[in-house]
Amino acid sequence: MSGGLKKAVNFLKSWDFWGPAVAGLIGGLVFFIFFGETFWPQNIDWILADGSDTSQLQLGWEFFRNSAWVWPWGIIKNLNYPAGISVLYTDSLPLLAIFFKLWRNILPANFQYIGLWMFISFILQGVYGFLLMRLIKKDTLLNILGSLFFIFSPIVWQRIAGHAPLVSHFVVLATLYICLSRKPILRAYHWGFILITALFTHPYLFFMIAPWWLVEQIRLYKLTSKIKWWVSNLIILSLLGALSFIIGMWTQGEGGAGGFGEFSMNLNSLFNSMGWSKIMPEWPIAQFQFEGFNYLGLGVLLLGVFSCYFFVFKKRQFFLSVLKRFWPFLLVSVFLTILALSNKVYFNAHLIFSYPLPKFIENIFSITRSSGRMFWPVYYLLVFAALFPLCFLKRSVAIIVICLALIFQLADLSRGLFRQNLNYTDKVEQFQSQTSFWREYISWGYVFSNYKHVVILPYFNRFDLPISFLVARNSKTLNVGYFVRKQAGTESFISEQTLKICSGNFDKDTAYLFFDNLYKCLPPVETAPNKYTLKKVFNFFVLSPQ
């Protein structure tokens, strides 16, 4: 047996391999126990029943799958017609969308990859949770037990209902692992994997880990070959730029959005269960601060109290030496915390203070309008810090302590964890027991059968699910939808179509739907240049050119 092969076999036999593998297996098993039905690619009932951001993701994939290939590859020409839109702005996991579109002709009609991605995310949540615990103490059993705090993290589970891309917290854990391990060498492929995965999973994940990458590169610049440093980072940036162009990231859309200062984190967020706890109370928050949900759980809170006592009274010098060594990451944590709190700082439902921001700063911060999410890396650092004193305890004592903390954690979170499972079960059962969706779907098929385009007026930033699903599957075009950011080219198209409607010179290959009184500007059918019929179908008035 050759030396390289022998090393590979020995590695596979070691706990350095099987420890993370077991933690990942537990993560995948937990997902299957609670959300196993979502995994199967042909099961789309749970997505249609959800009717929220999950449906937006699936509709983005449906439109992308059934639209022609164009350059850049990530553009959907049939949606946000006629400008089109990048698959990135529908939250449809663009790299997976492009990969599966290559096989669209052999995929079944009902196909989704959202459940598969969440399953992978849970596996990697367990793996990187184990690796973070490995930095505390190299004890496989202790590391596996510690990984459960990350697998059952409430801020991950909260995102399962409606926002699947943001379940991918493993990229945050991987970032912290690289930064905290403090390896004196440049691991460009690690950072490349993390940054590319984050950007093309959900931009919020990219924005919250980019500061850690920048700080780490400053440190590594002093420790590694300058040529290697420049080459590695230029390769990473080039890949990010090329892939961004391929998915059409820069072709449509505005970076900013309203809401910064509203979708923020409350000062009570670490101990405010927001209904997730069976033990801890639910504290009041401002109207939109559900985006700032960052409840630690009773087990972690108790460990945190123990950790504070331990570092203040037992290991104060050690704690100060850690702060001295990792002070750049402390600055990043402070920055992300300030960003998460925004310029309007609340405790409970009371505005404690606010401060104005220069317009250009506000425009930059508006990219992360749901700023409460930006605290997630700091959240996991706090979990890591709460677990860290275990490294100073005897093994038997450490295992007892972590088991007790896990019992408190899971007992406390059980209400929220099981509620997430019941939400899916109840929604799917209700969806399958009623026929309104498919009745509407079939009806719209008859309405649109002779038309290539569907235009809804006035413009509204949402999906009507049966209409959108029917239009996507029949390769027709639609001018509206619910997108991550405001899209370019919509206002001029709506104005143009409105003028056509009011003059009677509408396009004969287009069905027009109205959800307000705009149709009243139509000239009488007897005098209109183009003949038409107008009738009400469900909640819309439909103009059908003859």
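Everything below is about the structure shown above.
Residue positions are counted from 1 within each chain, in the order its sequence is given. Only residues with pLDDT of at least 70 are given local features in this predicted model, and only at 80 or more are side-chain atom pairs given and counted; all residues enter the totals for whole chains, interfaces and linings. Water and hydrogen atoms play no part in the side-chain values, which are based on all heavy atoms of the structure.

Caption draft 1: Broad picture of the overall build of the protein. Across its full length, the protein carries 21 helices and nine strands. Radius of gyration: C-alpha atoms only; globule rule: 2.2 Å multiplied by the number of residues to the exponent 0.38. Against the globule reference of 24 Å for 546 residues, the protein gives a C-alpha radius of gyration of 26 Å, in line with a compact fold. Summarising its shape, the C-alpha atoms of the protein cover approximately 90 × 60 × 50 Å along the three principal directions. Only protein chains enter the area calculation, which uses a 1.4 Å probe; residues under 20% of their type maximum are buried, those over 50% are exposed, and those in between are partly exposed. Relative to its 546 residues, the protein shows a buried fraction of 54%. Only heavy atoms enter the contact rule, under which two residues are in contact if any of them lie within 4.5 Å. Considering only intrachain contacts with a sequence separation of at least 6, the fraction spanning at least 24 residues in the protein is 75%. His is not counted here, nor are the chain ends, while Lys and Arg score as positive and Asp and Glu score as negative. A charge is said to be at NZ when it belongs to Lys, at CZ for Arg, at CG for Asp and at CD for Glu. The centroid of the 46 positive side-chain charges in the protein is displaced by 14 Å from the centroid of its 25 negative side-chain charges. Numbering of helices and strands starts at the N terminus; helices are DSSP runs of H or I of at least 4 residues and strands are runs of E of at least 2.

Caption draft 2: Representation of the side chain of Arg219 within the structure. Along the chain, Arg219 falls in helix α11 (residues 203-223). Assessed through its relative accessible area of 16%, Arg219 is described here as buried. For Arg219, the side chain forms a polar contact with the side chain of Glu216, separated by 2.6 Å. When near neighbours in sequence (up to four residues on either side) are disregarded, Arg219 contacts Arg182 and Lys183. Residues adjacent in sequence count toward polar contacts only when both atoms are side-chain atoms; beyond that, a polar contact is any pair of N or O atoms within 3.5 Å, and within protein one must be able to donate a hydrogen and the other to accept it.

Caption draft 3: Looking closely at the side chain of Thr175. Mapping Thr175 onto the fold places it in helix α9 (residues 170-181). Here Thr175 falls in the buried class, since its relative accessible area comes to 1%. Polar side-chain contacts of Thr175 include one of 2.8 Å to the backbone oxygen of Val171. For Thr175, the residues in contact, after removing those within four places along its chain, are Trp191, Ile194, Ile209 and Trp212.

Caption draft 4: Just the pairing of strand β3 (residues 344-347), in detail. In this structure, β3 lies alongside strand β4 (residues 350-354), joined through four bridges in antiparallel fashion. By the bridge assignment, Lys344 is partnered in β4 with Ser354. The antiparallel pairing of β3 with β4 creates a hairpin that spans two residues between the two strands, and Asn348 there sits at a positive phi of about 55°. Should DSSP find at least two bridges between two strands, the strands are regarded as paired.

Caption draft 5: Region of the structure containing the pattern of salt bridges. Note on definitions: salt bridges are taken to be side-chain nitrogens of Lys or Arg within 4 Å of carboxyl oxygens of Asp or Glu. The tally for this structure, following the rule as stated, stands at eight salt bridges. For Glu291, the salt bridge is made with Arg159, and the minimal N-O distance between the two is 2.6 Å. Remark: Arg159 occurs in helix α8 (residues 154-160) and Glu291 occurs in the loop between α12 (226-246) and α13 (298-314); sequence separation between them is 132 residues. You can call Arg159 buried: its relative accessible area is 6%. A salt bridge links Arg219 to Glu216; the nearest nitrogen and oxygen atoms lie 2.6 Å apart. Taken together, the residues span about one helical turn, with Arg219 and Glu216 both in helix α11 at a distance of three residues. Where salt bridges share partners, they join Arg159, Glu291 and Arg373 into one cluster.

Caption draft 6: Region of the structure containing a nonpolar patch on the surface. Without a salt bridge and with relative accessible area above 30%, a residue can belong to a patch; like charges are then joined within 9 Å and nonpolar side chains (Val, Leu, Ile, Met, Phe, Trp, Tyr) within 5 Å. Only the protein chains shown count as cover for residues, and all accessible areas are computed by the Shrake-Rupley method using a 1.4 Å probe. A surface patch of nonpolar side chains, about 1,100 Å² in accessible area, is lined by Trp69, Trp71, Trp73, Phe99, Leu102, Trp103, Ile106, Phe245 and Trp250. On the secondary structure map, Leu102 appears in the loop between α5 (94-101) and α6 (114-136). Given the relative accessible area of 57%, Leu102 is considered exposed.

Caption draft 7: Geometry of helix α10 (residues 188-201). The first and last C-alpha atoms of α10 sit 20 Å apart over 14 residues, in line with the 20 Å expected at 1.5 Å per residue. The buried count for α10 comes to 11 of 14 residues, which makes it a mostly enclosed element. Buried residues in α10 make contact with α5, α6, α9, α11 and α12. Take the number of residues in a helix, subtract one, and multiply by 1.5 Å to get its expected span.

Caption draft 8: Region of the structure containing α12. Look at α12: 30 Å from first C-alpha to last across 21 residues, which is about the 30 Å you get at 1.5 Å a residue. The secondary structure elements touched by the buried residues of α12 are α10 and α11. At the exit of α12 stands Gly248, carrying a positive phi of roughly 80°.

Caption draft 9: Up close: the state of the cysteines. Throughout, disulfides are identified as pairs of cysteine sulfur atoms within 2.5 Å of each other. A full pass over the atoms with the stated rule returns one disulfide. Each disulfide pairs two cysteine sulfurs, and for Cys502 the partner residue is Cys521, the sulfurs being separated by 2.1 Å. Taking the sign of the S-S torsion, -85° for the link of Cys502 and Cys521, the bridge is left-handed. Highlighted residues: Cys502 in helix α21 (residues 490-503) and Cys521 in the loop between β7 (510-514) and β8 (532-537), separated in sequence by 19 residues. Here Cys502 falls in the partly exposed class, since its relative accessible area comes to 33%. Accessibility expressed as a relative area gives 27% for Cys521, which makes it partly exposed. Cysteine Cys179 is unpaired, with the sulfur of Cys391 as its nearest cysteine sulfur at 20 Å. The thiol sulfur of Cys403 is not disulfide-bonded, and the nearest other cysteine sulfur, from Cys391, lies at 17 Å.

Caption draft 10: Broad picture of the sheet that holds β7. With mixed pairing, the five strands of this open sheet are ordered in space as β6-β5-β7-β9-β8. Each end of this open sheet is capped by a strand with a single partner; those strands are β6 (477-478) and β8. Orientation is described by lines fitted to C-alpha atoms, with helices fitted over the stretch in contact, and by angles between N-to-C directions that extend from 0 to 180 degrees. Packed onto the sheet, helix α19 (residues 436-447) meets β7, β8 and β9 (540-545) and runs at close to 30° relative to β9.

Caption draft 11: Inspection of the packing of α11 against helix α15 (residues 327-341) at higher detail. For the pair α11 and α15, interaxial distance at closest approach is 10 Å and the crossing angle is 160°. Judged on the interaxial angle alone, α15 and α11 are roughly antiparallel. Both α11 and α15 take part in a crossing whose hand is right-handed. Mapping the contact onto sequence places Met208, Pro211, Trp212, Val215 and Glu216 in α11 and Pro328, Phe329, Val332, Ser333, Phe335 and Leu336 in α15. Classification convention: Asp, Glu, Lys, Arg as charged; Ala, Val, Leu, Ile, Met, Phe, Trp, Tyr, Cys, Pro as nonpolar; all other residues, Gly among them, as polar. Residues of the contact of α11 with α15, tallied by class, amount to nine nonpolar, one polar and one charged. An angle below 35 degrees is treated as roughly parallel, one above 145 as roughly antiparallel, one from 65 to 115 as roughly perpendicular, and anything else as oblique. The handedness criterion is simple: a crossing whose near helix is rotated anticlockwise from the far helix by less than a right angle is left-handed, and one whose near helix is rotated clockwise is right-handed.

Just distances and angles here, no functional claims.
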